[in-house]
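# An overview of the molecular structure
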Amino acid sequence: MNGINDRKGVSVDESQFIQQLGGELGLPDLQFSEDLTARLVVGEDVVVDLEWNADTQTLHIYSALGHVGEENAGLMREMLSANLFGVGTTGAVLAIDDAQREVVLCREFETETLDVPRFAGQLKSFVERAAYWTERVASVSHSEDEDNAAVPDVPTGTDILRP
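Here is a short report on the structure shown in this document.

Parameters and conventions
- Numbering of residues starts from 1 in each chain and follows the order in which that chain's sequence is written.
- In keeping with the predicted nature of the model, local features appear solely for residues at pLDDT of at least 70, side-chain atom pairs appear and are counted solely at 80 or more, and the whole-chain, interface and lining totals rest on all residues.
- Processing note: side-chain calculations cover all non-hydrogen atoms of the structure and skip hydrogens and water entirely.
- Strand pairing is assigned whenever DSSP detects at least two bridges linking the two strands.
- By the criteria applied, helices consist of DSSP H or I runs no shorter than four residues and strands consist of E runs no shorter than two, each listed in order from the N terminus.
- Convention adopted: a line fitted to C-alpha atoms gives each axis, helices being fitted over their contacting stretch, and angles between N-to-C directions are expressed from 0 to 180 degrees.
- Residue contacts follow a heavy-atom distance rule, with two residues in contact if any of their heavy atoms lie within 4.5 Å.
- Side-chain rings of Phe, Tyr and Trp (the six-membered ring for Trp) are treated as a pair once their centres are within 6.5 Å; stacked means planes under 30 degrees apart, edge-to-face means over 60, and tilted covers the remaining angles.
- Buried means the residue's accessible area, taken with a 1.4 Å probe over protein chains only, is under 20% of the maximum for its type, while exposed means over 50%, and partly exposed covers the values in between.

### Focus: the sheet that holds strand β3 (residues 37-42)
Within the open sheet, the 5 strands sit side by side as β3-β4-β5-β7-β6. Their pairing is antiparallel. Of all the strands in the sheet, the pair left with one neighbour each is β3 and β6 (93-97). With strand direction ignored, the average angle separating the axes of adjacent strands in the sheet is 25°. Of the pairings in the sheet, the one linking strand β5 (residues 58-67) to strand β7 (residues 102-110) comprises 9 bridges and is antiparallel in character. Across the sheet, the residue bridging to leucine 59 is phenylalanine 109, located in β7. On the sheet, helix α2 (residues 73-83) packs against β6 and β7 and is oriented at approximately 140° with respect to β6.

Quick look at the structure:
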């Protein structure tokens, strides 16, 4: 069975997972599409996609943060520094999607070893990071002098997903 562990350590499939996750997040209508994807829209600027891959027994979460130009060396340095040991990304990875020319925050989870309540907490942290980096990418892309742009404070403790 391709699934994750619920609170009792019993393996559940993707439909049980998304139903339990929706309950944890206060989103009872959350469900996967036919291609095992789901989208969370948080506020006006943050979109987080979830993709369940039964073949590899993984769950990918990712958020497109905005477009970036080749001239943004300062932002690239900042992103690489944030990736170091996951300190500025809470374990996720910042990357460039060359085809779309945008910055993406992404993270992979093994479905067999992940429990729903813990994942819900990790997802909330991911959303906080996505919100921070979306703002950061936007500020740099609109800045004339990217190297002198101020780095905004990193938000912490925000419970974004709860109404």
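### Thoughts on the packing of aromatic side chains
Here a ring pair, both rings aromatic, is described through the centre-centre distance and the interplanar angle of the planes. In this structure the tally under the stated criterion is 6 aromatic pairs. Measuring from ring centre to ring centre gives 6.1 Å for phenylalanine 32 and tryptophan 52, while their planes differ by 65°; the resulting arrangement is edge-to-face. Highlighted residues: phenylalanine 32 in the loop between α1 (14-25) and β3 and tryptophan 52 in strand β4 (residues 46-53), separated in sequence by 20 residues. Comparing phenylalanine 32 with tryptophan 52 shows no difference in burial state: the two are buried.

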